[in-house]
Amino acid sequence: MPVRISKNDNIDVDSFDSEIILMNLVSRQVLVMNEAAGVLWSALDSIDQHDDLLDLLVESMPSVEREACSNSLTQLIGALVEGGFVTVSQDTRDLPDRG
């Protein structure tokens with residue numbers, strides 16, 4: 001089943017040089033991301049599927065193997081979840097209604 005990633009509310013985003021700085025306004029957690037991670041954060045505005053984000057990362061980094069990109073994406077999503085910046089859930093939008 002596909003994994004859906006959603007940005008949480010109450011997140012402040014700022015940039016400094018080439019880094020993106022996220023602050024969870026509820027928990028006061030802060031995460032500083034490099035430029036590549038910042039691109040993925042921005043992509044979450046229009047892409048909410050893990051596999052689609054991975055495809056984007058692989059396309060933007062053709063010299064890096066897909067498995068390495070997948071590991072990096074998993075680490076980034078883990079940090080985003082831990083800080084309360086995103087919510088990860090199973091995507092049930094395309095499943096048939098069993099009612």
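Quick summary incoming for the structure in this document.

What counts and how
Residues numbered from 1 in each chain as written. Predicted model: local features only at pLDDT ≥ 70, side-chain atom pairs only at ≥ 80, totals over all residues. Heavy atoms only, no water. Helix = DSSP H or I, 4+ residues; strand = E, 2+ residues; numbered from the N terminus. Buried < 20%, exposed > 50% of the residue type's maximum accessible area, 1.4 Å probe, protein only. Contact = heavy atoms within 4.5 Å. Areas by Shrake-Rupley, 256 points an atom, 1.4 Å probe, with all protein chains shown as cover. Lys, Arg positive; Asp, Glu negative; His and termini not counted. Charge placed at Lys NZ, Arg CZ, Asp CG, Glu CD. Pairing = 2+ DSSP bridges. Axes fitted to C-alpha atoms, helices over the stretch in contact; angles between N-to-C directions. Parallel < 35°, antiparallel > 145°, perpendicular 65-115°, else oblique. Left-handed = near helix turned anticlockwise from the far one by under 90°. Nonpolar A, V, L, I, M, F, W, Y, C, P; charged D, E, K, R; others polar. Expected span 1.5 Å × (residues − 1). Arc of directions from axis to C-beta.

**What about the overall build of the protein chain?**
Right, on to step 1. Of regular secondary structure, the protein chain possesses three helices and five strands.
Right, on to step 2. If one aligns the C-alpha atoms of the protein chain with their principal axes, the spans along those axes are about 50 × 40 × 20 Å.
Right, on to step 3. Split into buried and exposed, the 99 residues of the protein chain put 28% on the buried side.
Right, on to step 4. Within the protein chain, counting contacts between residues at least 6 apart in sequence, those at least 24 apart form 56% of the total.
Right, on to step 5. Within the structure as shown, the protein chain displays about 6,600 Å² of accessible surface, and the carbon and sulfur contribution to it stands at 48%.
Right, on to step 6. Treating the 6 positive side-chain charges of the protein chain as one cloud and the 18 negative ones as another, the clouds have centres 8 Å apart.

**Some thoughts on unusual backbone geometry**
Right, on to step 1. The backbone of N10 shows a phi angle near 60 degrees, a positive value even though the residue is not glycine.
Right, on to step 2. Summarising the element assignment, N10 is placed in the loop between β1 (3-7) and β2 (11-16).
Right, on to step 3. Given the relative accessible area of 46%, N10 is considered partly exposed.
Right, on to step 4. The backbone of R28 sits at a positive phi, close to 65 degrees, despite the residue not being glycine.

**Remarks on the sheet that holds β2**
What links the strands of a sheet is backbone hydrogen bonding, and the strands pair in either a parallel or an antiparallel sense.
Right, on to step 1. Taking strand neighbours across the sheet as the criterion, the three strands line up as β2-β3-β4 in an open arrangement whose pairing is antiparallel. Of all the strands in the sheet, the pair left with one neighbour each is β2 and β4 (30-33). Within this sheet the neighbouring strands show an average axis-to-axis angle of 20 degrees, counted without direction.
Right, on to step 2. Relative to the sheet, helix α1 (residues 35-43) contacts β2, β3 (19-24) and β4, its axis offset from that of β4 by approximately 115 degrees.

**A few points about the packing of helix α2 (residues 50-60) against helix α3 (residues 66-82)**
The angle between the axes and the distance between the axes are what describe a pair of packed helices.
Right, on to step 1. Two elements in contact, α2 and α3, have axes separated by 9 Å at closest approach and are oriented at 125 degrees. In terms of their interaxial angle, α2 and α3 are classed as oblique. Viewed along their axes, α2 and α3 form a crossing whose handedness is right-handed. Seen from α2, the contacting residues are H50, L53, L54, D55, L57 and V58; seen from α3, they are R66, C69, S70, L73, T74 and I77.
Right, on to step 2. In terms of residue class, the contact of α2 with α3 is built from seven nonpolar, three polar and two charged.

**Section: α3**
Right, on to step 1. Between the first and last C-alpha of α3 there are 24 Å, a value that for 17 residues agrees with the 24 Å anticipated at 1.5 Å per step.
Right, on to step 2. Where α3 is concerned, the buried positions are C69, L73, L76, I77 and L80. In an axial view of α3, the angular spread of the buried residues amounts to 100 degrees, which keeps them on one side of the axis. Every exposed residue of α3 that faces more than 90 degrees away from the buried side is listed here: E67, Q75 and E82.
Right, on to step 3. Positive backbone phi, approximately 80 degrees, marks G84, located one or two places after α3.

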